[in-house]
Amino acid sequence: MSDLRFSSLRAARDDDAQDLYGLVALCFAEFPGCYLDPHDDMPDLRRPASAAAEKGGHLWVVEDERGRVCACVAVDEPSPGTAELHRLYVRPDQRRRGLGERLVRLVEDHARDVSAARVVFWSDTRFTDAHRLYERLGYVRGGTRPLGDVSNSIEYFFAKDLVSPER
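## With respect to unusual backbone geometry
For Arg96, which is not glycine, the phi dihedral falls at a positive 65°. Among the structural elements, Arg96 can be located in the loop between β4 (82-90) and α3 (99-113). Look at Arg96 and you get exposed, because its relative accessible area is 73%. The backbone of Ser115 sits at a positive phi, close to 65°, despite the residue not being glycine. Considering the arrangement of structural elements, one finds Ser115 in the loop between α3 and β5 (118-124).

## Thoughts on the layout of surface pockets
For the largest pocket, the calculated volume is near 1,300 Å³. Surrounding the largest pocket, 50 residues form its lining, Arg87, Leu88, Tyr89, Phe127 and Tyr134 being those nearest its centre. When contributions to the lining of the largest pocket are tallied by element, the ones reaching two or more residues are α1 (17-28), α2 (48-54), β2 (58-63), β3 (69-79), β4, α3, β5 and α4 (128-136). Broken down by class, the residue content of the lining of the largest pocket amounts to 22 nonpolar, nine polar and 19 charged.

## Notes on the side chain of Glu84
Mapped onto the elements of the fold, Glu84 is located in strand β4. For the buried Glu84, which has no salt bridge, the nearest side chain bearing the opposite charge is Arg145, at an N-O separation of 5.5 Å. Residues within four places of Glu84 in sequence aside, it is in contact with Ala74, Val75, Asp76, Pro78, Val120, Phe121 and Trp122.

## Thoughts on the confidence of the model for the protein
Counting all residues, the mean pLDDT for the protein is 91, and 93% of those residues have values of 70 or more. A low-confidence stretch, residues 1-5 (pLDDT under 50), is modelled with twelve contacts involving residues beyond four sequence positions or located in other chains.

## Here we look at the pattern of salt bridges
Evaluation of the coordinates by the stated rule reveals 21 salt bridges. Its salt-bridge partner being Asp15, residue Arg13 comes within 2.9 Å of it at the nearest N-O pair. Arg13 gets classed as partly exposed once you look at its relative accessible area, which sits at 40%. You can call Asp15 exposed: its relative accessible area is 57%. Residues Glu108 and Arg105 are paired through a salt bridge, measuring 3.1 Å at the closest nitrogen-oxygen approach. With Glu108 and Arg105 both in helix α3 and three residues apart, this pair spans about one turn of that helix.

## Structural notes on α1
The terminal C-alpha atoms of α1, which comprises twelve residues, lie 16 Å apart, in line with the 16 Å expected from a rise of 1.5 Å per residue. By the burial criterion, the buried members of α1 are Ala17, Leu20, Tyr21, Leu23, Val24, Cys27 and Phe28. On an axial view of α1, the arc spanned by its buried residues comes to 160°, and they lie on one face. For α1, the elements touching its buried residues are α2, β2, β3 and β4.

## Re the pairing of strand β7 (residues 154-161)
Here β5 pairs with β7 via seven bridges, running antiparallel. Opposite Phe121, over in β7, you have Phe158 as the bridge partner.

The rules we used
Residues numbered from 1 in each chain as written. Predicted model: local features only at pLDDT ≥ 70, side-chain atom pairs only at ≥ 80, totals over all residues. Heavy atoms only, no water. Helix = DSSP H or I, 4+ residues; strand = E, 2+ residues; numbered from the N terminus. Buried < 20%, exposed > 50% of the residue type's maximum accessible area, 1.4 Å probe, protein only. 1 Å grid on protein atoms, 1.4 Å probe; cavity = no way out; pocket = protein on both sides within 12 Å on 5 of 7 lines; lining within 4 Å. Points joined across faces, edges and corners; volume = space filled by probe spheres on them. Nonpolar A, V, L, I, M, F, W, Y, C, P; charged D, E, K, R; others polar. Lys, Arg positive; Asp, Glu negative; His and termini not counted. Salt bridge = Lys/Arg side-chain N within 4 Å of Asp/Glu carboxyl O. Contact = heavy atoms within 4.5 Å. pLDDT = per-residue confidence, 0-100. Expected span 1.5 Å × (residues − 1). Arc of directions from axis to C-beta. Pairing = 2+ DSSP bridges.

As structure tokens, this is what we get:
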């Protein structure tokens, strides 16, 4: 599917739930007022592999040198020709090494493999470092939506039209 090489990339399993909640909670902890309620937020992470499969999507995790989940990304196809990126999280100590970009590229490659011409997603307005990455990779920021969650989150919409790479 992709020419990217991740020595520790694998499909998520349902028993990754605790590691994934920990990863997301650690990422959220960087932002004042941003909380993860394990009872109401992200119910798909209770059974991550099963939830991804039920949506017809994929969830990948990256393990660190000790076998702990240190990053993740998910994708599904909400409509013909469109792939939606979800759950891109990289543990703070693993950032600035190109891992986030490689995971976005993995999603883009997958989207092309399923004949999607566009990748879309929503991202919390507080995640400004991530927004710089997305915009550098060619994503265009659109409107906003409130989530009505415990963190009073507001999200930006991002989209990118894909061009097939020269083969």
